[in-house]
Amino acid sequence: MKEAGNGGYAAPKAISPTEGAGETRKGEPLVSVIIVTRNTRDLVREAIRSVEASEVSFPLETILVDNGSTDGTAEGIPPAFPKLVYLRFPRNLGFAAAVDRAAERSRGKYLLLLNSDARLESDALERAVQWMETHPECGIAGARLRNEDGSPQNSIANFPSLWTELGNKALLRRLFPHRYPGKERPATHPTAVDSVIGAFFLTRAALWQRLRGMDEGFFFFLEETDFCYRARLAGFAAYHLPDVHVWHGQGRSAAASPAAARIEYWRSRYRYFSLHAPRSHQACLRLVLPLRLAMELAGDILIFPFRGTRPRFRERMGVRWALLLWHLAGRPDRMGLPRD
């Protein structure tokens, strides 16, 4: 996308839902499944298997984008899946840029962004596409996400605001479930929401082209939320589909580098506010978040003699220290997830 002069993005021209629905092209896949991986070989193998095992009445294509993996993905995955379209890049492009490259090669009427640590139920894709085909006002559809033990995950995300970023999201979901829907009160029917979690993110290729894909200024995190926000400006809704079930190993793809991943989340949060929030809200976020971080670290230091031997406490404290150092260094790109 092209940046506007005020540091944000120009709102796309409003279009009618039927204009963005697109047409099925004869002899080509109806859905292009896009998976991005970086050193998640074993996880991505299971994700691809779940796609190939899907019970669908339409043709699919699967595109795997390898963001510079060094774990044997290049040697092990393409030979195991001959129909796979495999795109390999020598470095980590980030999630948004990798998906954009795959979308350029895609042929489907729909694009499904599927996390490398996610697995489809056999009827998930059929159900989701049927909904999209019969509801042209729907630009994006998300699934009900579950942990490995079957417990629910949050499948819906509100557009970030000062309330969500400076408050307690779990408390907001409990006190105001209609404004902040979540796993505490699961939906029983398709529901229009602000945004869906990107582990399963089904959208129309025509809408993708109109919005010019994902904003590559987001390296990791919130790129799907930004896309949903821009889709709403274009006249489309995002829907949570509770009858579409997907297993998701939440955070497993970033578990090897928790501090670096957290830095990326904070970086994306600041970017989202710079694009979509009033300047007063941007200033408040940039002031309050570091202050709260410093207070949390001060509390960690005080209780360290009592809890310092606990691995989870030490990890959490290490993440906070990394975030503080990142702020003190001026939030540089060189800190966070690797780009090479």
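Below you will find a few notes about this structure. Small disclaimer: the values here were computed from a predicted structure and weren't measured. (Residues numbered from 1 in each chain as written. Predicted model: local features only at pLDDT ≥ 70, side-chain atom pairs only at ≥ 80, totals over all residues. Heavy atoms only, no water.)

**What to know about the pairing of strand 2 (residues 60-67)**
Point 1. Among the 8 residues of strand 2, 7 are classified as buried, and the element is accordingly described as predominantly covered.
Point 2. On the question of chirality, the crossover connecting strand 1 (residues 31-37) to the parallel strand 2 by way of helix 2 (residues 41-52) is right-handed.
Point 3. Pairing of strand 2 with strand 3 (residues 85-89) involves 5 bridges; the strand directions are parallel. Note on strand 3: the bridge partner recorded for V65 is L87.
Point 4. In terms of handedness, the path from strand 2 via helix 3 (residues 73-80) over to strand 3 forms a crossover that is right-handed. (Buried < 20%, exposed > 50% of the residue type's maximum accessible area, 1.4 Å probe, protein only. Helix = DSSP H or I, 4+ residues; strand = E, 2+ residues; numbered from the N terminus. Right-handed = clockwise from strand over helix to strand, strands pointing away. Pairing = 2+ DSSP bridges.)

**Thoughts on unusual backbone geometry**
Point 1. Even without glycine at this site, R212 takes up a positive phi of about 60 degrees.
Point 2. Among the residues examined, R212 registers a relative accessible area of 49% and is labelled partly exposed.
Point 3. Notably, R331 is not glycine yet its phi reads approximately 55 degrees, a positive angle.
Point 4. Mapped onto the secondary structure, R331 falls in the segment after helix 12 (311-328).
Point 5. In this structure R331 comes out as partly exposed when scored by relative accessible area, which is 33%.

**A short note on the nonpolar core**
Point 1. Formed by 53 residues in total, the largest nonpolar core has its most connected members in I34, I140, F201, W208, M214, F227 and W266.
Point 2. Formed by 35 residues, the second largest nonpolar core is a distinct cluster that contains I35, L125, A141 and L202. (Core = buried A, V, L, I, M, F, W, Y, C linked by side-chain atoms within 4.5 Å.)

**Remarks on the packing of helix 11 (residues 279-307) against helix 12**
Point 1. As a packed pair, helix 11 and helix 12 sit with axes 10 Å apart at the nearest point and diverge in direction by 145 degrees. Every pair of crossing elements has a handedness; the one defined by helix 11 and helix 12 is left-handed. Packed against helix 11, whose contacting residues are P290, L293, E296, L297, D300, I301, I303, F304 and R307, the element helix 12 presents F313, R314, R316, M317, R320, W321, L323, L324 and H327 at the interface.
Point 2. Looking at the contact of helix 11 with helix 12, its residues break down into 11 nonpolar, 1 polar and 6 charged. (Axes fitted to C-alpha atoms, helices over the stretch in contact; angles between N-to-C directions. Left-handed = near helix turned anticlockwise from the far one by under 90°. Contact = heavy atoms within 4.5 Å. Nonpolar A, V, L, I, M, F, W, Y, C, P; charged D, E, K, R; others polar.)

**Describing the pattern of salt bridges**
Point 1. Taken as a whole, this structure holds 22 salt bridges when the rule is applied.
Point 2. The salt bridge partner of R339 is E264, with a shortest N-O separation of 2.4 Å. With a gap of 75 residues between them, R339 in the segment after helix 12 and E264 in helix 10 (residues 258-276) connect regions that are remote in the sequence.
Point 3. What makes R339 partly exposed here is its relative accessible area of 24%. (Salt bridge = Lys/Arg side-chain N within 4 Å of Asp/Glu carboxyl O.)

**Concerning the packing of aromatic side chains**
Point 1. All told, the structure shown has 10 aromatic pairs when counted by the stated rule.
Point 2. Relative to Y239, the ring of W131 lies with its centre 5.3 Å away and its plane at 55 degrees, an arrangement referred to as tilted. Taken together, the residues W131 in helix 5 (residues 124-134) and Y239 in strand 11 (residues 237-248) connect sequence positions 108 residues apart. Summarising the burial analysis for this pair, W131 and Y239 share the class buried.
Point 3. Here F201 and F227 contribute two aromatic rings whose centre-to-centre distance is 5.8 Å and whose plane-to-plane angle is 75 degrees, an arrangement assigned as edge-to-face. Residue F201 is located in strand 10 (residues 200-204), and its partner F227 is located in helix 9 (residues 223-233); the two are separated by 26 residues in the primary sequence. Each member of the pair, F201 together with F227, is buried.
Point 4. Through a chain of ring-to-ring contacts, the aromatic side chains of F159, Y229 and Y272 assemble into a single cluster.
Point 5. Sitting over the face of the ring of F218, R271 holds its NZ or CZ atom 5.5 Å from the ring centroid.
Point 6. Seen from the ring of Y270, R331 lies directly overhead, with NZ or CZ sitting 4.8 Å from the centre. (Phe/Tyr/Trp six-rings, centres within 6.5 Å; stacked < 30°, edge-to-face > 60°. Lys NZ or Arg CZ within 6 Å of the ring centre and 35° of its normal.)

**Considering the environment of F304**
Point 1. For F304, the location among the structural elements is in helix 11.
Point 2. In this structure the C-alpha to C-alpha distance between F304 and M317, which are 13 residues apart in sequence, comes to 9.3 Å.
Point 3. Contact partners of F304, with chain neighbours within four places excluded, come to F313, R314 and M317.

**Observations regarding a nonpolar patch on the surface**
Point 1. Together, L171, L175 and F176 make up an exposed nonpolar region whose accessible area comes to about 300 Å².
Point 2. For L175, the location among the structural elements is in helix 7 (residues 169-175).
Point 3. Residue L175 is classed as exposed on the basis of its relative accessible area of 52%. (Patch = residues over 30% accessible without salt bridge, like charges linked within 9 Å, V, L, I, M, F, W, Y side chains within 5 Å. Areas by Shrake-Rupley, 256 points an atom, 1.4 Å probe, with all protein chains shown as cover.)

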